[in-house]
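What follows is each chain in one-letter form.
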Amino acid sequence: MTQRKDLLQLSFYEKSPFFGSDGDLRYKIEKKDDSFCLTTWNGPYSFDNTAPELMSQHSFEFSDQGLQSIVDFLNGKDKEN
């Protein structure tokens, strides 16, 4: 289960993407324009070794609330798998 404390502060995303996993679920969080772009896929492979058609992308507000929404989304996806 992903918790808000597992993700980094907003300032991190200004400069770099964040990669994480929770069980078989893999994800990438990055800032695109003025929002978060969350990319998810099922493991075991890394982002670079997974075909784009096996990935899903979702947008969230670039804010602390947006990060909490990402956590809620990831925890919902984790229950699906």
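Up top is the structure.
Right, let's walk through the structure included here. Since the model is a prediction, treat every value here as computed from it, not as a measurement. (Residues numbered from 1 in each chain as written. Predicted model: local features only at pLDDT ≥ 70, side-chain atom pairs only at ≥ 80, totals over all residues. Heavy atoms only, no water.)

**Topic: the overall build of the chain**
Alright, step 1. A tally of regular secondary structure across the chain gives two helices and four strands.
Alright, step 2. When the helices and strands of the chain are placed in sequence order, the string is α-β-β-β-β-α.
Alright, step 3. Taken over C-alpha atoms, the radius of gyration comes to 12 Å for the chain, in line with the 12 Å a tight globule of 81 residues would show.
Alright, step 4. Principal-axis analysis of the C-alpha atoms gives the chain an extent of 30 × 25 × 15 Å.
Alright, step 5. Burial statistics for the chain: of 81 residues in total, 38% are counted as buried.
Alright, step 6. Residue pairs in contact within the chain that sit at least 24 positions apart in sequence constitute 39% of those at least 6 positions apart.
Alright, step 7. Looking at the chain, you have 9 positive and 14 negative side-chain charges, and the mean spots of the two groups are 3 Å apart. (Helix = DSSP H or I, 4+ residues; strand = E, 2+ residues; numbered from the N terminus. Rg over C-alpha atoms; globule rule 2.2 N^0.38 Å. Buried < 20%, exposed > 50% of the residue type's maximum accessible area, 1.4 Å probe, protein only. Contact = heavy atoms within 4.5 Å. Lys, Arg positive; Asp, Glu negative; His and termini not counted. Charge placed at Lys NZ, Arg CZ, Asp CG, Glu CD.)

**Notes on the pattern of salt bridges**
Alright, step 1. In this structure the tally under the stated criterion is four salt bridges.
Alright, step 2. The salt bridge involving Asp-64 is made with Arg-4; its shortest N-O contact spans 3.4 Å. One end of the pair, Asp-64, is in helix H2 (residues 64-80); the other, Arg-4, is in the segment before helix H1 (10-13), and 60 residues separate them in sequence.
Alright, step 3. Relative accessible area serves as the criterion here: at 44%, Asp-64 is assigned to the partly exposed category.
Alright, step 4. Glu-14 is paired through a salt bridge with Lys-31; the nearest N and O atoms lie 3.1 Å apart. With Glu-14 in the loop between H1 and strand S1 (18-22) and Lys-31 in strand S2 (residues 25-32), the pair connects residues that are 17 residues apart, well separated along the chain.
Alright, step 5. With relative accessibility at 27%, the residue Lys-31 sits in the partly exposed group.
Alright, step 6. Connected through shared salt-bridge partners, Lys-28, Glu-30 and Lys-32 make up one network. (Salt bridge = Lys/Arg side-chain N within 4 Å of Asp/Glu carboxyl O.)

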